[in-house]
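Single-letter residue listing:
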Amino acid sequence: PWTDHLQRRGNVHVRGGAKVTAIEELHKEATFNYRILLNGGGDPILCDAIVFAVGGTALKRLLPSCPVLSCLPGAEGWKKFRGVTCVAVRLFLEDSAELSQLLQEGMKDSPVVVCGPRIGDIPQLVETGFCIYDLTRLQDESGAIEIDYFRANILADMGDEEVVDVTLRAISEATNTQPLKMRSVLDKSVVRAKDAVSHFCVDSASWSSHVKLDRGLYICGDWVDRTGHASWSTEKAVDTGIQAAEAFADDFDLVNQLDVIPAPPDTPQLSSLRILARSVRKAVPINSFPRVP
């Protein structure tokens, strides 16, 4: 629906499945500044400016074929970014006593349940954490449950039916409710993103770029501007998207009507932890901290 909404405006064109293979900077006397080459030999895109709305691992793969990026300050740091595998499962369930118990008892306090790994000693979730979302409350999607798994390499290699079976068990264990039956699943969607989701590890904030790479080159995403606006994950991607639009508008004398809402100040507890963390870093060399393999 969002894609349709944008294209109805008449000034947005979406090329689905058109993977970018290279970006070339054109000569100063050219009409446009950049040429974007696509897989399959489709017509290249000529443009004045580019906003990269991609993950860190995707940008890393672009570097060898995009001299305009690889020569920028900080490009060496981008090569260090890693991704984790995530699996998103959406279940459409029939109205049943088990579903009613789940929503009214297991998820009565919140439409979101956050779980760490090793839930219920399920072997496929030894390293996998997940979130459960009640889409009936969040999106008015009756009978729909979304489960997003993180560090989900084992699940990503399983078939859809096996993933759904594990998911029904995981929901039951995480919410302490009766297991949902497979026959109550009216429809399902399983999406796999292998090594595609940002892996935030020690020191990764220092590799992150600002939203403006150069005049005509901008970037946004959850891994961008980690030392800037104090937001996180999806919210960070939205915030940096707005900031990239602001920078683009300023550089090309366009009108921008969006603003990023300032983040609230840190709570006293978080402020104390930040002070403690800075003190520890000064006293202990950063290389002595354990790193995620």
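Everything discussed here concerns the structure shown above.
Read on for a plain summary of the structure. (Residues numbered from 1 in each chain as written. Predicted model: local features only at pLDDT ≥ 70, side-chain atom pairs only at ≥ 80, totals over all residues. Heavy atoms only, no water.)

To continue, consider the sheet that holds strand E10 (residues 212-214). Reading across the sheet, the three strands line up as E4-E11-E10 and stay open at both edges, with mixed pairing between neighbours. Only two strands of the sheet have a single neighbouring strand rather than two, namely strand E4 (50-53) and E10. With strand direction ignored, the average angle separating the axes of adjacent strands in the sheet is 25 degrees. As paired strands, E10 and strand E11 (residues 217-220) are joined by two bridges and run antiparallel to one another. From the neighbouring strand, Asp-214 faces E11, where its bridge partner is Leu-217. Packing against the sheet, helix H9 (residues 233-251) makes contact with E4, E10 and E11, and its axis sits at approximately 165 degrees to E11. (Pairing = 2+ DSSP bridges. Helix = DSSP H or I, 4+ residues; strand = E, 2+ residues; numbered from the N terminus. Axes fitted to C-alpha atoms, helices over the stretch in contact; angles between N-to-C directions. Contact = heavy atoms within 4.5 Å.)

Here Glu-146 shows up in strand E8 (residues 144-150). Apart from the residues lying within four places of it in its own chain, the contact partners of Glu-146 are Ala-88, Val-89, Arg-90, Cys-131, Ile-132, Tyr-133 and Leu-135.

Inspection of the secondary structure puts Ile-50 in strand E4. The exposure class of Ile-50 is buried, given its relative accessible area of 7%. Ile-50 sits 194 residues away from Ala-244 along the chain, and the two C-alpha atoms are 10.0 Å apart. (Buried < 20%, exposed > 50% of the residue type's maximum accessible area, 1.4 Å probe, protein only.)

Val-87, Leu-91, Phe-130 and Tyr-149 are the most contacted members of the largest nonpolar core, which has 31 residues in total. Sorting the residues of this core by element identifies strand E5 (83-93), helix H5 (97-106), strand E6 (112-115), strand E7 (129-134), E8, helix H7 (153-156), helix H8 (160-175) and strand E9 (185-198) as the ones contributing at least two each. The element that contributes the greatest number of residues to this core is H8, accounting for six residues. Excluding anything up to four places from it in sequence, Phe-130 contacts Val-113, Val-114, Cys-115, Gly-116, Ile-119, Leu-125, Ile-147, Asp-148, Tyr-149, Phe-150, Ala-170 and Ala-174. (Core = buried A, V, L, I, M, F, W, Y, C linked by side-chain atoms within 4.5 Å.)

The end-to-end C-alpha separation of H9 is 27 Å, in line with the 27 Å expected for 19 residues at 1.5 Å each. Every buried residue of H9 is accounted for by Lys-236, Asp-239, Thr-240, Ile-242, Gln-243, Ala-244, Ala-247, Ala-249 and Asp-251. In this structure, the buried side of H9 is in contact with E4, E10 and E11. Backbone geometry just after H9 places Asp-253 at a positive phi near 55 degrees. (Expected span 1.5 Å × (residues − 1).)

Right, let's get into a nonpolar patch on the surface. On the surface, Leu-270, Leu-273, Leu-276, Val-280 and Val-284 cluster together into a nonpolar patch covering about 390 Å² of accessible area. Tracing the backbone through its elements, the reader meets Leu-276 in helix H10 (residues 268-283). (Patch = residues over 30% accessible without salt bridge, like charges linked within 9 Å, V, L, I, M, F, W, Y side chains within 5 Å. Areas by Shrake-Rupley, 256 points an atom, 1.4 Å probe, with all protein chains shown as cover. Salt bridge = Lys/Arg side-chain N within 4 Å of Asp/Glu carboxyl O.)

What follows concerns the pattern of salt bridges. Applying the stated criterion across every chain yields a total of 10 salt bridges. The closest approach of N and O atoms between Lys-79 and Glu-76, which form a salt bridge, is 2.9 Å.

Here H8 spans 22 Å end to end across 16 residues, near enough to the 22 Å set by a 1.5 Å rise per residue. Those residues of H8 lying buried are Val-163, Val-164, Val-166, Thr-167, Leu-168, Ala-170, Ile-171, Ser-172 and Thr-175. Downstream of H8 by one or two residues, Asn-176 has phi in the positive range, about 55 degrees.

All told, the structure shown has six aromatic pairs when counted by the stated rule. Ring geometry for Phe-81 versus Trp-223: centroids 4.8 Å apart, planes at 65 degrees, classification edge-to-face. Remark: Trp-223 occurs in the loop between E11 and H9 and Phe-81 occurs in the loop between helix H4 (75-78) and E5; sequence separation between them is 142 residues. By relative accessible area, which is 4% here, Phe-81 ends up buried. On the numbers, 5.5 Å between centres and 50 degrees between planes, the contact of Phe-130 with Tyr-149 is tilted. In this pair, Phe-130 sits in strand E7 while Tyr-149 sits in strand E8, placing the two residues 19 residues apart along the sequence. We note that Phe-130, like Tyr-149, is buried. Between the NZ or CZ atom of Arg-215 and the centre of the ring of Phe-252, over which it lies, the distance is 4.3 Å. (Phe/Tyr/Trp six-rings, centres within 6.5 Å; stacked < 30°, edge-to-face > 60°. Lys NZ or Arg CZ within 6 Å of the ring centre and 35° of its normal.)

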